[in-house]
Amino acid sequence: MATYLNFPFDQEVFVESWESAPDATKAAMIDCGALVEDSLIESRIQTDGCLYTVPFYSVLEGDPDNYDGATDISAAEPAGGSQTGVVYGRGKGFTARNFASELSGADPMNHIAATIGKYWAKQRQKAMLSVLNAIFGISGSSGNAKKWKDNHIVNLASTTEAPYMIGATDLNDLATKAMGDNKNLFSLAIMHSNVAKSLENQQLLEFWKYTDANGIQRPTALATVNGYTVVIDDGVPTEQDATTGLTNYTTYLLGEGAIRTAKGRVEVPAEVYRDPAKNGGQDTLYTRIRETIHPNGFSFTAPSSGWTNSPTDDQLGASANWSLAFDPKAIPIAKLVTNG
């Protein structure tokens, strides 16, 4: 059996521990319904490779006929379409020295698995934010692209009353503008810590708490506001406004089933390699993932150049590679820009 840090390394047991390592962000998104593990997509990407396509049917429409015994009943054929997603693969190795100072307790492999689980959780959120940034770059002068740009993006940073930090009603106003009578589908907000601070100062933000091993309640980085679960992450887009000199902050509002995810096939998700010469001898643990994070209602198109069997970070985050597949009113994803 292979060893890592002089401890026995069982690949199957390690991967099981790694996959069960707590991921607070993913848990929050699943609990509020924004992130959905899609079994159909998962079945497709086991065999379809990097790109996959899933069909959908449009909402039934049309006026009913008068049922009076004399009028013929007309029939309408449901319309449909499809959306295309992409699987990205990533790998990372960790040498023994990365963990030597961290090990404690009687179960070092579970500790290493949890540490690696946190690393990949951060990478997953980074990929999700990159995809969200990409789809909000979609624009057009007509059709669904215009509806998307006009109704799902609210920029309050451009107000003449700058600075304009987020207010008590802004998220609700955004939800109404984007989805109208379907605004109840929104359930999650992802925002910068400075935006969260503004809400906290207005006593609008309530942080989740957890009980540690000593029985002490401690706050987490998750909170609620206006009924939305809040994930605080400084990885959301920020930029300095050339006119005001202030920093503009993006807040994302997501709804039930807005993001679909599934794991792709990986033959060897984790393995240990020992180099007896490097640094006098060192062990390296290599980890690999393949997964999809897909905004429901959009399609990904592979770029014409520089394409391999996994999109790069730049390709995944390029607006030019994404297009709308649904009517925007059926997409519970929206963006608010404020400053400070």
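Values in this document were obtained by computation on a predicted structure and should not be read as measured data.

A. The arrangement of the pairing of strand E11 (residues 228-232) in detail. Here E11 lies mainly inside the structure; five of its five residues are buried. Across four bridges, strand E8 (residues 186-191) lies against E11 in parallel orientation. Bridging across to E11, Leu-188 finds its partner in Thr-229.

B. Examining the pattern of salt bridges more closely. Applying the stated criterion across every chain, the model contains ten salt bridges. Between Lys-263 and Glu-19 there is a salt bridge whose closest N-O contact spans 3.7 Å. Here Glu-19 lies in helix H1 (residues 11-19) and Lys-263 lies in strand E14 (residues 259-263), a separation of 244 residues in the sequence. Residue Glu-19 is classed as exposed on the basis of its relative accessible area, which comes to 52%. Notably, a salt bridge pairs Asp-38 with Arg-260, separated by 3.2 Å at the nearest N-O pair. Placement of Asp-38 in the loop between strand E3 (35-37) and helix H3 (39-45) and of Arg-260 in strand E14 is noted, with a sequence separation of 222 residues between them. Residue Asp-38 is classed as buried on the basis of its relative accessible area, which comes to 14%.

C. Structural context of the confidence of the model for the chain. On average, residues of the chain carry a pLDDT of 85, and 90% of them reach 70 or more. Mean pLDDT across the elements of the chain bottoms out in helix H4 (residues 97-100) (59) and peaks in strand E17 (residues 298-300) (96).

D. Broad picture of the packing of aromatic side chains. Evaluated as defined, the whole model comprises seven aromatic pairs. Between Phe-94 and Tyr-119, the ring centres sit 5.3 Å apart and the planes meet at 85°, which makes this aromatic pair edge-to-face. Highlighted residues: Phe-94 in strand E6 (residues 88-95) and Tyr-119 in helix H5 (residues 108-135), separated in sequence by 25 residues. The class for Phe-94 is buried, based on a relative accessible area of 8%. The class of Tyr-119 is partly exposed, set by a relative accessible area of 25%.

E. Structural detail: the nonpolar core. Membership of the largest hydrophobic core comes to 52 residues, with the highest contact counts inside it found for Phe-14 and Ile-333. Look past the residues within four positions of Ile-333 in its chain and what remains in contact with it is Leu-132, Ile-135, Phe-136, Trp-148, His-152, Phe-186, Leu-253, Leu-254, Ala-258, Pro-295 and Phe-298.

F. Molecular detail of the side chain of Asp-170. Structurally, Asp-170 is set in helix H7 (residues 170-179). There is no salt bridge for the buried Asp-170, and the closest opposite charge comes from Lys-177, which lies 11 Å off by N-O distance. With sequence-adjacent residues up to four places away left out, Asp-170 is seen in contact with Leu-156, Tyr-164, Met-165 and Leu-336.

G. The arrangement of the side chain of Gln-315 in detail. With respect to the helices, strands and loops of the structure, Gln-315 is situated in helix H9 (residues 313-316). A relative accessible area of 10% places Gln-315 in the buried class. In terms of polar contacts, Gln-315 uses its side chain to reach the backbone carbonyl oxygen of Gly-306, at 2.7 Å. Not counting residues within four places of it along the chain, the set of residues in contact with Gln-315 comprises Phe-300, Pro-303, Ser-305, Gly-306, Trp-307, Ser-310 and Asn-321.

H. Fine view of unusual backbone geometry. Phi at Gln-203 takes a positive value of approximately 60°, unusual for a residue other than glycine. By the secondary structure assignment, Gln-203 is in the loop between helix H8 (193-201) and strand E9 (206-211). With a relative accessible area of 75%, Gln-203 lands in the exposed category. Unusually for a residue other than glycine, Asn-226 sits at a positive phi of about 50°. For Asn-226, the location among the structural elements is in the loop between strand E10 (217-225) and E11. Asn-226 gets classed as partly exposed once you look at its relative accessible area, which sits at 43%.

I. Highlighting the packing of H1 against H5. Direction vectors running N to C along H1 and H5 enclose 50°, while the axes themselves pass 8 Å from each other. When the interaxial angle is binned, H1 and H5 end up oblique. Viewed along their axes, H1 and H5 form a crossing whose handedness is right-handed. Contact residues: Phe-14, Ser-17 and Trp-18 in H1; Met-109, Asn-110, Ile-112, Ala-113, Ile-116, Gly-117 and Trp-120 in H5. Partitioning the contact of H1 with H5 into residue classes produces seven nonpolar, three polar and no charged.

J. Representation of H7 within the structure. Of the positions making up H7, those classed as buried are Asp-170, Leu-171, Leu-174, Ala-175, Ala-178 and Met-179. Buried residues of H7, viewed axially, fall in a sector of 135°; they line one side. Immediately beyond the C-terminal end of H7, within one or two residues, lies Gly-180, with a positive phi of roughly 60°.

K. Summary view of the environment of Leu-205. Tracing the backbone shows Leu-205 in the loop between H8 and E9. Here the alpha-carbon distance between Leu-205 and Thr-224, two residues 19 residues apart in the chain, equals 5.9 Å. For Leu-205, the contacting residues outside a window of four places in its chain are Ala-196, Leu-199, Glu-200, Ala-223, Thr-224, Val-225 and Val-230.

Rules and cut-offs
- Residues numbered from 1 in each chain as written.
- Predicted model: local features only at pLDDT ≥ 70, side-chain atom pairs only at ≥ 80, totals over all residues.
- Heavy atoms only, no water.
- Buried < 20%, exposed > 50% of the residue type's maximum accessible area, 1.4 Å probe, protein only.
- Helix = DSSP H or I, 4+ residues; strand = E, 2+ residues; numbered from the N terminus.
- Pairing = 2+ DSSP bridges.
- Salt bridge = Lys/Arg side-chain N within 4 Å of Asp/Glu carboxyl O.
- pLDDT = per-residue confidence, 0-100.
- Phe/Tyr/Trp six-rings, centres within 6.5 Å; stacked < 30°, edge-to-face > 60°.
- Core = buried A, V, L, I, M, F, W, Y, C linked by side-chain atoms within 4.5 Å.
- Contact = heavy atoms within 4.5 Å.
- Lys, Arg positive; Asp, Glu negative; His and termini not counted.
- Polar contact = N/O pair within 3.5 Å; in protein donor to acceptor, adjacent residues only side chain to side chain.
- Axes fitted to C-alpha atoms, helices over the stretch in contact; angles between N-to-C directions.
- Parallel < 35°, antiparallel > 145°, perpendicular 65-115°, else oblique.
- Left-handed = near helix turned anticlockwise from the far one by under 90°.
- Nonpolar A, V, L, I, M, F, W, Y, C, P; charged D, E, K, R; others polar.
- Arc of directions from axis to C-beta.

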